[in-house]
Amino acid sequence: MTTQTAANPTTNNGAIARAAYDAYVTKNRVALEALIAKDFHFTSPLDNRLDRETYFHRCWPNSKTIEAFDFINLFTDEDRVFVTYEGRNTNGHRFRNTEILTIRDNLIVDVEVYFGWSLPHAAPQGGFIDRPASESQPG
């Protein structure tokens, strides 16, 4: 891992984020636990500020099916790391998500996940899929 310095305090944050994704690929829960702060929270479209214990109970089992993450974008801005990746499951299913990781004192304290889409995209290039009426939004 890169050493954090006063000249470039965010360099280490990118390495910490990559190590967290790598822990899912290698099925190394101990490595991930070492990166997650005690006061950690996790939010996604399905989860609202889960605490650390609930996160590991609910999310860690997904590591069984994670085969790889290909980073499309990964950049740091002070204590935040913005990541867009294409993930691949062991069954060949591919998907794209964006996440924002907040890192303080070399530990991940917060993760926000924004679900993307399955790959290949269900809509044709240049086209779209109509939402079911139950999912329509005003505007």
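Just so it is clear, the model here is predicted, and its values are computed rather than measured.

**Student:** Just give me the short version of the sheet that holds strand 1 (residues 36-44), but keep the residues and values in it.
**Tutor:** Hydrogen bonds along the backbone pair up the strands of a sheet, which may run parallel or antiparallel. Across the sheet, which stays open at both edges, the six strands sit in the order 2-1-6-5-4-3 with mixed pairing between neighbours. Strand pairing shows two members of the sheet lacking a second neighbour, strand 2 (47-51) and strand 3 (66-77), which therefore form its edges. The average undirected angle you get between the axes of adjacent strands in this sheet is 20°. By the bridge criterion, nine bridges tie strand 4 (residues 80-89) to strand 5 (residues 94-104) in an arrangement that is antiparallel. The residue bridging glycine 87 from the neighbouring strand is phenylalanine 95, located in strand 5. Along the sheet, helix 1 (residues 11-26) contacts strand 3, strand 4, strand 5 and strand 6 (107-119); its crossing angle with strand 3, the most-contacted strand, is approximately 165°.

**Student:** Describe the packing of aromatic side chains, naming the residues involved and giving the relevant values.
**Tutor:** The final tally for this structure, using the stated rule, is ten aromatic pairs. Here the aromatic rings of tyrosine 21 and phenylalanine 69 are separated by 5.2 Å at their centres, their planes lie at 70°, and the arrangement is edge-to-face. With tyrosine 21 in helix 1 and phenylalanine 69 in strand 3, the pair connects residues that are 48 residues apart, well separated along the chain. Overall, phenylalanine 69 belongs to the buried group, its relative accessible area being 15%. With a centroid separation of 5.0 Å and 45° between ring planes, the pair formed by phenylalanine 42 and tyrosine 55 is classed as tilted. Of the two residues, phenylalanine 42 is situated in strand 1 and tyrosine 55 in helix 3 (residues 52-59); the sequence distance between them amounts to 13 residues. Both residues of the pair, phenylalanine 42 and tyrosine 55, belong to the buried class. Of the aromatic side chains, those joined through ring pairs into one cluster are Tyr21, Phe69, Phe71, Tyr85 and Phe95.

**Student:** Kindly report on helix 3, identifying the contributing residues and their values.
**Tutor:** Listed as buried for helix 3 are Arg52, Tyr55, Phe56 and Cys59. For helix 3, the angular spread of the buried residues around the axis is 100°, confining them to a single face. Residues of helix 3 that are exposed and angled more than 90 degrees away from the buried face: Glu53 and His57.

What counts, and where the lines are drawn
As a convention, each chain's residues are numbered from 1 in the sequence order in which they are written. Only residues with pLDDT of at least 70 get local features here, since the model is predicted, and only at 80 or more are side-chain atom pairs given and counted; chain-wide, interface and lining totals rely on the full set of residues. Side-chain figures throughout are based on the complete set of non-hydrogen atoms in the structure, without hydrogens or water. Note on pairing: DSSP must find at least two bridges between two strands before they are called paired. Secondary structure elements follow DSSP: runs of H or I no shorter than four residues count as helices, runs of E no shorter than two count as strands, and numbering proceeds from the N terminus. Note on geometry: axes are lines fitted to C-alpha atoms, helical ones only across the stretch in contact, with angles between N-to-C directions running from 0 to 180 degrees. Any two residues having at least one pair of non-hydrogen atoms within 4.5 Å are treated as being in contact. Note on aromatic contacts: the rings of Phe and Tyr and the six-membered ring of Trp form a pair at centre separations within 6.5 Å, being stacked when their planes are under 30 degrees apart, edge-to-face when over 60 apart, and tilted otherwise. Burial classes follow relative accessibility: with a 1.4 Å probe on protein chains only, a residue under 20% of its type's maximum area counts as buried, one over 50% as exposed, and anything between as partly exposed. When we speak of the arc, we mean the arc of directions from the helix axis to the C-beta atoms.

The analysis is restricted to geometry; functional conclusions fall outside its scope.
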